[in-house]
Amino acid sequence: MPKKDDAEFIACMEDVLDVYELPYNPERPVVCMDEKPYQLLGDARKPLPMRPGDNQKTDSEYVRNGTCSIFAFVEPLGGTHHVSVREQRTAFDWAEEIKYLVDVMYPDAEKVILVMDNLNTHKTASLYKRYPADEARRIIKRLEIHYTPKHGSWLDIAEIELNVMTRQCLSRRIENIAKLRGELAAWEVERNTVAAKVNWQFRTADARVKLSSLYPRFTTASE
């Protein structure tokens, strides 16, 4: 959490919370995105298979096979989910994911309301680095971007999505990107089949009580 009396944090937080209170509108879907690094790990020794009454035996020693980045998108009220795996997390990678968001996930939406954190690549400038100016501008005009405050990534619902994904799909060693992509693709299909939604409960009224120390003390001109 930030220091006390942080007006910048409060302004960004209340902006995001207002977005989360919007009613469901398929023409203007609210979508949250986040990404996380992932360590690819292989087994140093072949695990011993399961037997009746006995679990699989896995050696504690493992082999590091490099890292990659997992991008996650979730529409909390619509139940639409998308995850992808990339070898890096560059400005180009983010730009290509955003193009997929507007052109493939929501091609008919009037505008996509996008909530994300302030990671250095999560900027509209990244679209200009990856695409010609007219294409970058076309994509940007399809977006309405809202950033979570610094030290406030917990306000991004996509963090919840990543936590669920980690518990359900990544609680074991995965040795290469191809296998990781296959596992996450199957998980994405399951999440979209059940249209898993997120019931966000933390509202601006709650924040003004529970996080009151973060709000600057209001004074009048005469004080």
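Refer to the structure printed above.
What this report covers is the structure whose coordinates are included nearby. (Residues numbered from 1 in each chain as written. Predicted model: local features only at pLDDT ≥ 70, side-chain atom pairs only at ≥ 80, totals over all residues. Heavy atoms only, no water.)

Looking at the pairing of strand S4 (residues 112-116)
The two faces of the sheet receive side chains in turn, since in a regular strand these alternate between them. Burial analysis of S4 places five of its five residues in the buried class, the great majority of the element. Because side chains alternate across S4, one face comprises the buried residues Val 112, Leu 114 and Met 116, and the other comprises Ile 113 and Val 115, equally buried. Across five bridges, S4 lies against strand S5 (residues 143-147) in parallel orientation. Within S5, the residue paired with Leu 114 across the bridge is Ile 145. (Buried < 20%, exposed > 50% of the residue type's maximum accessible area, 1.4 Å probe, protein only. Helix = DSSP H or I, 4+ residues; strand = E, 2+ residues; numbered from the N terminus. Pairing = 2+ DSSP bridges.)

Focus on the packing of aromatic side chains
Counting across every chain of the model gives two aromatic pairs. Stacked on the ring of Tyr 131, the Lys or Arg Lys 99 has its end atom at 5.7 Å from the ring centre. Just above the ring of Tyr 147 sits the side chain of Lys 123; from NZ or CZ to the centre is 4.8 Å. (Phe/Tyr/Trp six-rings, centres within 6.5 Å; stacked < 30°, edge-to-face > 60°. Lys NZ or Arg CZ within 6 Å of the ring centre and 35° of its normal.)

Points about empty space enclosed by the protein
Using the criterion set out here, one finds one cavity of 30 Å³ or more in the structure. Of the volumes computed, that of the largest cavity is approximately 60 Å³. Taken together, Leu 22, Pro 23, Tyr 24, Asn 25, Arg 28, Pro 29, Val 30, Glu 75, Pro 76, Leu 77 and Gly 78 form the lining of the largest cavity. (1 Å grid on protein atoms, 1.4 Å probe; cavity = no way out; pocket = protein on both sides within 12 Å on 5 of 7 lines; lining within 4 Å. Points joined across faces, edges and corners; volume = space filled by probe spheres on them.)

Describing the packing of helix H2 (residues 91-105) against helix H4 (residues 133-140)
Each pair of packed helices gets described by two things: the angle between the helix axes and the distance between those axes. Relative orientation of the contacting elements H2 and H4 amounts to 60°, with a least axis distance of 10 Å. Classified by the angle between their axes, H2 and H4 sit oblique to one another. As for the relative orientation of H2 and H4, their crossing is left-handed in sense. For the pair formed by H2 and H4, the contact residues are Ile 98, Lys 99, Val 102 and Asp 103 on the first element and Glu 135, Arg 138 and Ile 139 on the second. (Axes fitted to C-alpha atoms, helices over the stretch in contact; angles between N-to-C directions. Parallel < 35°, antiparallel > 145°, perpendicular 65-115°, else oblique. Left-handed = near helix turned anticlockwise from the far one by under 90°. Contact = heavy atoms within 4.5 Å.)

Section: the pattern of salt bridges
Counting across every chain of the model gives 13 salt bridges. Here Arg 86 ties to Glu 97 by a salt bridge, and the two come within 2.7 Å at their closest N and O atoms. In this pair, Arg 86 is assigned in strand S3 (residues 80-86) and Glu 97 in helix H2, connecting sequence segments 11 residues apart. Glu 96 is the partner of Arg 130 in a salt bridge, and the nearest nitrogen-oxygen pair spans 2.7 Å. Taken together, the residues span a long stretch of sequence, with Arg 130 in helix H3 (residues 125-130) and Glu 96 in helix H2 at a distance of 34 residues. Of the residues examined, Arg 130 reaches a relative accessible area of 31% and is grouped as partly exposed. Judged by relative accessible area, Glu 96 falls into the partly exposed class, the value being 24%. It is possible to trace a salt-bridge network through shared partners that takes in Arg 86, Asp 93, Glu 96, Glu 97 and Arg 130. (Salt bridge = Lys/Arg side-chain N within 4 Å of Asp/Glu carboxyl O.)

A closer look at H2
With 15 residues, H2 ought to run about 21 Å at 1.5 Å a step, and its terminal C-alpha atoms sit 20 Å apart, in line with that. Taken as a whole, H2 has its buried residues at Ala 91, Asp 93, Trp 94, Ala 95, Glu 97, Ile 98, Leu 101, Val 102 and Met 105. (Expected span 1.5 Å × (residues − 1).)

Things to note about helix H5 (residues 157-169)
Two residues of an α-helix separated by three or four positions point the same way, owing to the 3.6 residues in each turn. Taking 1.5 Å per residue, 13 residues should reach 18 Å; H5 reaches 18 Å between its end C-alpha atoms and fits that length. Restricting attention to buried positions, one finds in H5 the residues Ile 157, Ala 158, Glu 161, Leu 162, Val 164, Met 165 and Cys 169. One face of H5 carries all of its buried residues, which in axial projection span an arc of 160°. N-cap assignment for H5: the residue whose side-chain oxygen lies 3.0 Å from the backbone N of Ala 158 is Asp 156. (Arc of directions from axis to C-beta. Polar contact = N/O pair within 3.5 Å; in protein donor to acceptor, adjacent residues only side chain to side chain.)

Digging into the packing of H5 against helix H6 (residues 177-193)
Remark: H5 packs on H6, axes separated minimally by 11 Å, with the N-to-C direction vectors making an angle of 115°. In this structure, the crossing between H5 and H6 has a hand that is right-handed. Two secondary-structure elements touch here, H5 through Glu 161, Val 164, Met 165, Gln 168 and Cys 169 and H6 through Glu 183, Leu 184, Trp 187 and Arg 191. When its residues are assigned to classes, the contact of H5 with H6 shows five nonpolar, one polar and three charged. (Nonpolar A, V, L, I, M, F, W, Y, C, P; charged D, E, K, R; others polar.)

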